[in-house]
Amino acid sequence: MKLSIWTSYYAELSAEEAIKTLVENGITATELSDEHGFELLARDPDVVATGRKFAAFAKGVGMEIPQGHLWLRVKICSDPDALAILCKWVDLYEAIGIQNMVLHCDAMVDSGLSHQEVVARNIQVLRRLAEYIKDKKITICLENLIRIVPNVDEILEILEGIGSPRFGICLDTGHLNLNDKDQRAFILKAGDKLHALHIADNDGSGDQHMMPFNRGNIDFFGVVKTLREIGYQGIFNMEIPGERAVPMVMKAAKIAYVKAGYDYLMKA
């Protein structure tokens, strides 16, 4: 499992400067964040050309981008334009070479629908997305959230309803720590459908997005052990916006700490 930090760690920088700065600090794999996705989409109507140009830049500085977060606040059921826009995101990310694309389901808050009705609406829309990507060599990874799909069983229910091999799972350790907390059971049940990770810690009181070995209480030794048991092949990606509010020089120091913590975990 290669260490990764998502590009939003340097959200104040351009997409190119963010990955360049990560590489300068010893991070050579990343998840493209949706802030930088929006930036790239806005550059040119030809999103494929934009993606290829960005991919060439990333390769030139030594950065791998196997994972990307699609539009973070997309309302795939509530917004009638969302699916068409999301397809442009997929085209951009595919051109960059991103294989695993993280997506949020739509909780449809205040819709008045029952939980099962919300799940059914999500499946209906995601089936349409599945048709669009059926011939692409990518995986859309549904992330466990707090209001909808908070556990692996609900994600598996949606995946079964979609019925496409182009869909998988992203485990967000921080989100799970605010729900059933059983990281091991989630990973084991997800099995070979687990293609992406958002590694973040918290103390159970909120989604604090801290790095491991901070003030949180997630057992990352257990997480790593279980990931090895299932033969997880993706990146060990840190989604840690809770660590961003410091000067640039301190961001670099925190990356050094993250790397030391990662090395410690991997040797355990």
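Quantities reported herein were computed from a predicted structural model and do not represent experimental measurements.

**Points about the overall build of the protein chain**
Part 1 of the reasoning: Along the backbone of the protein chain there are 10 helices and 8 strands.
Part 2 of the reasoning: A globule of 268 residues ought to have a C-alpha radius of gyration of about 18 Å, and the protein chain, at 18 Å, matches this closely.
Part 3 of the reasoning: Along the three orthogonal principal directions, the C-alpha set of the protein chain runs to about 45 × 45 × 35 Å.
Part 4 of the reasoning: For the protein chain, the share of sequence-separated contacts (at least 6 apart) that also reach a separation of at least 24 residues comes to 77%.
Part 5 of the reasoning: As presented, the protein chain carries roughly 11700 Å² of accessible surface, and 52% of it is formed by carbon and sulfur atoms.
Part 6 of the reasoning: Charge centroids of the protein chain, computed over 29 positive and 37 negative side chains, lie 4 Å from each other.

**Considerations on the side chain of Asn100**
Part 1 of the reasoning: Locating Asn100 in the fold gives a position in strand S4 (residues 100-103).
Part 2 of the reasoning: Classification of Asn100 as buried rests on a relative accessible area of 12%.
Part 3 of the reasoning: In terms of polar contacts, Asn100 uses its side chain to reach the backbone carbonyl oxygen of His195, at 3.4 Å.
Part 4 of the reasoning: Those residues within four positions of Asn100 in sequence are excluded, and the remaining contacts are Pro66, Gln67, Gly68, Thr139, Cys141 and His195.

**Regarding unusual backbone geometry**
Part 1 of the reasoning: Phi is positive for Val149, close to 40 degrees, though the residue is something other than glycine.
Part 2 of the reasoning: The topology assignment puts Val149 in the loop between strand S5 (139-143) and helix H6 (152-162).
Part 3 of the reasoning: The phi dihedral of His209 is positive, around 55 degrees, even though this residue is not glycine.

**Details of the packing of helix H5 (residues 115-133) against H6**
Between two packed helices, the angle of one axis relative to the other and the distance separating the axes together describe the packing.
Part 1 of the reasoning: The interhelical angle for the contact between H5 and H6, taken along N-to-C directions, is 45 degrees, at an axis separation of 9 Å. Put simply, H5 runs oblique to H6. Between H5 and H6 lies a crossing of right-handed hand. Where H5 abuts H6, its residues His115, Gln116, Val119, Ile123, Leu126, Arg127 and Ala130 lie against Glu154, Glu157, Ile158, Gly161 and Ile162.
Part 2 of the reasoning: Considering only residue class, the contact of H5 with H6 consists of 6 nonpolar, 3 polar and 3 charged.

**Side note on a nonpolar patch on the surface**
Part 1 of the reasoning: Among the surface-exposed residues, Phe213, Phe221, Tyr257 and Tyr264 lie close enough to one another that they form a single nonpolar patch of about 400 Å² accessible area.
Part 2 of the reasoning: Residue position: Tyr264 is located in helix H10 (residues 248-267).
Part 3 of the reasoning: Overall, Tyr264 belongs to the exposed group, its relative accessible area being 52%.

**Regarding the packing of aromatic side chains**
Two descriptors summarise a pair of aromatic rings, namely the distance from one centre to the other and the angle between the planes of the rings.
Part 1 of the reasoning: Tallying each qualifying case throughout the model produces 8 aromatic pairs.
Part 2 of the reasoning: Centroid distance Phe38 to Trp71: 6.2 Å. Interplanar angle 80 degrees. Geometry classified as edge-to-face. Placement of the pair is Phe38 in helix H2 (residues 34-41) and Trp71 in the loop between strand S3 (64-69) and helix H4 (82-96), with a sequence separation of 33 residues.
Part 3 of the reasoning: For the ring pair Trp89 and Tyr93, a centre distance of 5.8 Å and an interplane angle of 70 degrees mean the geometry is edge-to-face. With Trp89 and Tyr93 both in helix H4, this residue pair falls 4 residues apart, about one helical turn.
Part 4 of the reasoning: Using a relative accessible area of 0% as the deciding quantity, one classes Trp89 as buried.

**Observations concerning the sheet that holds S4**
Either a parallel or an antiparallel arrangement is found when strands of a sheet pair, and the pairing is made through backbone hydrogen bonds.
Part 1 of the reasoning: Spatial strand order, S2-S3-S4-S5-S6-S7: 6 strands in an open sheet with parallel pairing. In this open sheet, the two strands that pair with only one neighbour each are strand S2 (29-32) and strand S7 (194-198). Direction aside, neighbouring strands of the sheet carry axes that sit 30 degrees apart on average.
Part 2 of the reasoning: Judged from the 4 bridges that link them, strand S6 (residues 167-172) and S7 form a sheet pairing that is parallel. Counterpart to Asp172 in the pairing with S7 is His198.
Part 3 of the reasoning: Running over the sheet, helix H8 (residues 183-190) touches S6 and S7 and is turned about 165 degrees from S6.

**Section: the layout of surface pockets**
Part 1 of the reasoning: Space inside the largest pocket adds up to approximately 560 Å³.
Part 2 of the reasoning: Together, 28 residues line the largest pocket, and Leu72, Arg73, His104, Leu145 and His175 are the ones closest to its centre.

**A short note on empty space enclosed by the protein**
Part 1 of the reasoning: Under the criterion given, the structure shown has 1 cavity of 30 Å³ or more.
Part 2 of the reasoning: Reported here for the largest cavity is a volume of approximately 40 Å³.
Part 3 of the reasoning: As for the largest cavity, its lining consists of Met211, Pro212, Phe213, Met238, Tyr257, Val258, Gly261, Tyr262 and Leu265.
Part 4 of the reasoning: In terms of residues, the lining of the largest cavity owes the most to one element, H10, which gives 5 residues.

Procedures and definitions
Residues numbered from 1 in each chain as written. Predicted model: local features only at pLDDT ≥ 70, side-chain atom pairs only at ≥ 80, totals over all residues. Heavy atoms only, no water. Helix = DSSP H or I, 4+ residues; strand = E, 2+ residues; numbered from the N terminus. Rg over C-alpha atoms; globule rule 2.2 N^0.38 Å. Contact = heavy atoms within 4.5 Å. Areas by Shrake-Rupley, 256 points an atom, 1.4 Å probe, with all protein chains shown as cover. Lys, Arg positive; Asp, Glu negative; His and termini not counted. Charge placed at Lys NZ, Arg CZ, Asp CG, Glu CD. Buried < 20%, exposed > 50% of the residue type's maximum accessible area, 1.4 Å probe, protein only. Polar contact = N/O pair within 3.5 Å; in protein donor to acceptor, adjacent residues only side chain to side chain. Axes fitted to C-alpha atoms, helices over the stretch in contact; angles between N-to-C directions. Parallel < 35°, antiparallel > 145°, perpendicular 65-115°, else oblique. Left-handed = near helix turned anticlockwise from the far one by under 90°. Nonpolar A, V, L, I, M, F, W, Y, C, P; charged D, E, K, R; others polar. Patch = residues over 30% accessible without salt bridge, like charges linked within 9 Å, V, L, I, M, F, W, Y side chains within 5 Å. Salt bridge = Lys/Arg side-chain N within 4 Å of Asp/Glu carboxyl O. Phe/Tyr/Trp six-rings, centres within 6.5 Å; stacked < 30°, edge-to-face > 60°. Pairing = 2+ DSSP bridges. 1 Å grid on protein atoms, 1.4 Å probe; cavity = no way out; pocket = protein on both sides within 12 Å on 5 of 7 lines; lining within 4 Å. Points joined across faces, edges and corners; volume = space filled by probe spheres on them.

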